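The residues making up each chain are set out below.
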Amino acid sequence: MKNKAKIVIIGGGISGASIAYNLAEKGETDVVVLERHYLTSGATGRCGAGVRQQWGTKMNCLIAKKSIEFFEKAEEILDYDDVEFKQEGYLIVGSDEEEDELFEKNVKLQQSLGIPAKKLTPEEAKEIVPHLNTDGVYSATFCKTDGHLNPFLMTDAYYKAAKRRGVEFYTETEVTGIDVENGEIKGVKTDKGYIECEIVVNAAGGYAKQIGEMAGVDIPVFSQNREILVTEPIERMQDPMVISFSKNIYCQQTPHGAFIMGRGDNREAGLSVESTWKFLDEMAKTVTNLLPPVGELRVIRQWGGLYNMSPDRQPIIGGTDEVKGFYMACGFSGHGFMFGPMTGVLISELILGEEPSMPMEELELSRFDGKDVEAYETNVV
Amino acid sequence: MDPKNIIICRCSDVTLADLFELFDEGYTSFEELKRIARVGMGPCQANTCGKMVQWEISKYFKKPLEEIPFHNMRPLTLGVKLRAIKEAAEDEE
């Protein structure tokens, strides 16, 4: 293991791998990525593998849109065989007039930013997903360029591209402390040794708060276990991801054939990723009602993963005046995987002193300074 | 026998040759292999291939079998239909 590097990235998920790649691609190769277990062992590898642009805040829409544009060319740019990207859309179904008003507002925002989303009637939704049960569906929205992407392979593509450019990755290496002197980063302590460095990037997903504490930075995020399950693979029967905020479900068929589905419940903050029978029961009821034929499939596995929630459900991307050299890419609130490309672009621009590709005021930690957050992204399952 | 003709994971169609290739690329743990090749992630949930994968890692890297961690087993033990789970849950209510 190196005992000195310019930049140490903590976290071997999509964010860490994307940041490493972007830095190396721009010529900064004195970079080390530390991962406690194996790559994608945290939130990235536990996510629902969906990528969408249908968000309710401008920043989330913009980050998602630019990230999708990258995914469309990812195999070519990163020289990788197949990341299992398919753009067959996200169909979002709503239950009542109130949700319909939200859809109206969202679609207007999305269209103004160039995202090809549109409102649909229940009948139109059924044309896209013929097995959708439209009882209790008031209206829907659809964006055809949203879709599916394999989190393991996408991260692997970034990892290999970063490695070829000189970045070193240390797995099974846990960060135990961060050295800060006079408000400046000096190094990172791990269970495998010490690494002297100038810059630390906190891309630790569910553990972002704990990493912040090591550097003496209080990040207003909390983690929450969200559960998910997968079925046996079957022949192709559903093109888009089907999701609903009010019905509390997301469900898609992956290109491989398996159905992946999840839902959230308002459980206590914590770091547990346990699986519960309660989730299995509720998930089975919800999906069998909304997508009846999916009820005939066998569940083969369930697991949990951490959403790292920020106060406004938008990510925290940027540095802090409190500690020079400490950068954060966290608080993704359940959509860190699909924002991965822009996370890497933005953090690399900030570190290298380049002009950021998008306005950063609403992404930096300082946006919460002395302010109560009133408006926040509501389009999260 | 040609490793290309030895099927290790029947659910995900992974051969011994595939495993050797992944070992050479640097994927050395069961968890990493699962995520790149889907070995052990199909309907049998590694009940068929699990021990074989562990054994092949041990042989290839010349490490004792007991030092090769088995994969992280997750529920369910057997595949169960979602509708059956729904009906059982509603029955209890």
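Our structure is the block above this text.
Let me begin by describing the structure that accompanies this report. Not measured: the values here are computed from a predicted model. (Residues numbered from 1 in each chain as written. Chains lettered and ligands numbered in written order. Predicted model: local features only at pLDDT ≥ 70, side-chain atom pairs only at ≥ 80, totals over all residues. Heavy atoms only, no water.)

## Quick look at the overall build of chain B
In terms of helices and strands, chain B carries four helices and three strands. Walking chain B from its N terminus toward its C terminus, one meets helices and strands in the order β-β-α-α-α-β-α. Taken over C-alpha atoms, the radius of gyration comes to 16 Å for chain B, far larger than the 12 Å a tight globule of 93 residues would show. Based on the C-alpha atoms only, the size of chain B along its principal axes is roughly 55 × 30 × 20 Å. Within chain B, the proportion of its 93 residues that are buried is 43%. Taking all contacts inside chain B whose residues are at least 6 apart in sequence as the whole, residues at least 24 apart take part in 48%. (Helix = DSSP H or I, 4+ residues; strand = E, 2+ residues; numbered from the N terminus. Rg over C-alpha atoms; globule rule 2.2 N^0.38 Å. Buried < 20%, exposed > 50% of the residue type's maximum accessible area, 1.4 Å probe, protein only. Contact = heavy atoms within 4.5 Å.)

## Topic: the sheet that holds strand β9 (residues 175-181) of chain A
All names here are of chain A. Taking strand neighbours across the sheet as the criterion, the three strands line up as β9-β10-β11 in an open arrangement whose pairing is antiparallel. For this open sheet the edge positions go to β9 and β11 (193-196), each flanked by a neighbour on one side alone. Across the sheet, the mean angle from the axis of one strand to that of its neighbour is 20 degrees, orientation sign disregarded. Of the pairings in the sheet, the one linking strand β10 (residues 184-190) to β11 comprises four bridges and is antiparallel in character. (Pairing = 2+ DSSP bridges. Axes fitted to C-alpha atoms, helices over the stretch in contact; angles between N-to-C directions.)

## A look at empty space enclosed by the protein
Rolled over the atoms, a probe sized like a water molecule indicates the empty space that remains. All names here are of chain A. Tallying each qualifying case throughout the model produces one cavity of 30 Å³ or more. Taken as a whole, the largest cavity encloses approximately 30 Å³ of empty space. Considering the residues around the largest cavity, the lining is formed by Gln-54, Ile-92, Phe-103, Asn-106, Gln-110, Thr-141, Phe-245 and Asn-379. Its residues placed into classes, the lining of the largest cavity shows three nonpolar, five polar and no charged. (1 Å grid on protein atoms, 1.4 Å probe; cavity = no way out; pocket = protein on both sides within 12 Å on 5 of 7 lines; lining within 4 Å. Points joined across faces, edges and corners; volume = space filled by probe spheres on them. Nonpolar A, V, L, I, M, F, W, Y, C, P; charged D, E, K, R; others polar.)

## What to know about helix α1 (residues 14-25) of chain A
All names here are of chain A. Under the 1.5 Å per step criterion, the end-to-end length of α1 is 16 Å for twelve residues, consistent within 8% with the ideal 16 Å. Burial analysis of α1 places eleven of its twelve residues in the buried class, the great majority of the element. Residues of α1 that are buried include every one of Ile-14, Ser-15, Gly-16, Ala-17, Ser-18, Ile-19, Ala-20, Tyr-21, Asn-22, Leu-23 and Ala-24, and no others. Looking one or two residues beyond α1, the residue adopting positive phi is Gly-27, at roughly 105 degrees. (Expected span 1.5 Å × (residues − 1).)

## Overview of the sheet that holds strand β8 (residues 168-170) of chain A
All names here are of chain A. Read from one edge of the open sheet, six strands run β8-β2-β1-β12-β19-β18, paired in mixed fashion. Single-partner strands in this sheet number two, and they are β8 and β18 (316-319). Ignoring strand direction, the axes of neighbouring strands in this sheet form an average angle of 15 degrees. Both strand β1 (residues 7-10) and strand β2 (residues 31-34) contribute to a ladder of four bridges, which runs parallel. Paired with Ile-7 across the bridge in β2 is Val-31. Across the face of the sheet, helix α9 (residues 340-351) comes into contact with β1, β12 (199-202), β18 and β19 (326-330) while running at roughly 170 degrees to β19.

## A few points about the interface of chain B and chain A
Between chain B and chain A, the residue contacts involve 25 residues of the former and 34 residues of the latter. Taking both sides of the interface into account, the surface hidden between chain B and chain A amounts to around 2800 Å²; carbon and sulfur atoms contribute 59%. The largest per-residue losses of area from chain B upon contact with chain A belong to Arg-35, Arg-38 and Leu-82 of chain B, which jointly make up 25% of the total buried on that side. Counting every contact that joins chain B to chain A gives four salt bridges. Put simply, the parts of the chain that give the side of chain B that touches chain A at least two residues each are α2 (30-37), β3 (80-81) and α4 (82-92) of chain B. With six residues, the single largest contributor to the side of chain B that touches chain A is α4 of chain B. Of the residues in the side of chain B that touches chain A, the class split is eleven nonpolar, three polar and eleven charged. Relative to β3 of chain B, strand β17 (residues 298-309) of chain A is paired through two bridges, and the arrangement is antiparallel. Paired with Val-299 of chain A across the strands is Val-80 of chain B, a residue of β3 of chain B. (Buried area = accessible area lost by both parts, 1.4 Å probe. Salt bridge = Lys/Arg side-chain N within 4 Å of Asp/Glu carboxyl O.)

## Examining the environment of Leu-229 of chain A
Structurally, the position occupied by Leu-229 of chain A is in strand β13 (residues 222-231). Leu-229 of chain A sits in the buried class, given a relative accessible area of 0%. When the C-alpha positions of Leu-229 of chain A and Trp-303 of chain A are compared, they lie 6.3 Å apart, and in sequence the two are 74 residues distant. Leave out the neighbours within four places in its chain, and Leu-229 of chain A touches Phe-259, Ile-260, Met-261, Phe-279, Leu-280, Met-283, Val-299, Arg-301, Gln-302 and Trp-303 of chain A together with Leu-82 of chain B.

## Some thoughts on the nonpolar core
Most often, soluble globular proteins keep nonpolar side chains buried together rather than apart. Of all hydrophobic cores here, the largest spans 93 residues; its most connected members are Ile-9, Met-154 and Val-201 of chain A together with Leu-33 of chain B. Among the elements that make up this core, the one with the highest residue count is helix α3 (residues 58-78) of chain A (ten residues). For Leu-33 of chain B, the residues in contact, after removing those within four places along its chain, are Leu-19, Leu-22, Phe-23, Tyr-27, Arg-38, Val-39, Val-53 and Ile-57 of chain B. Listed in part, the 28 residues of the second largest apolar core include Leu-120, Ile-249, Phe-259 and Met-283 of chain A. (Core = buried A, V, L, I, M, F, W, Y, C linked by side-chain atoms within 4.5 Å.)

## Some details on the state of the cysteines
Here is the idea: a disulfide is a covalent bond, and it sits between the sulfur atoms of two cysteines. Residues and elements named next belong to chain B. Under the counting rule described, the total for this entry stands at zero disulfides over all chains. With no disulfide of its own, Cys-11 lies closest to Cys-44 among cysteine sulfurs, the gap being 3.9 Å. Residue class for Cys-11 comes out partly exposed when judged on its relative accessible area of 33%. (Disulfide = S-S within 2.5 Å.)

## Description of the layout of surface pockets
For the second largest pocket, the calculated volume is near 880 Å³. Lining of the second largest pocket is provided by 43 residues; of these, Asn-150 and Leu-153 of chain A together with Arg-35, Ile-36 and Arg-38 of chain B occupy positions nearest its centre. Looking at the lining of the second largest pocket, the elements that each hand over two or more residues are α2 (43-46), α6 (151-164), β13 and β17 of chain A together with α1 (16-25) and α2 of chain B. The residue inventory of the lining of the second largest pocket, partitioned by class, reads 18 nonpolar, eleven polar and 14 charged.

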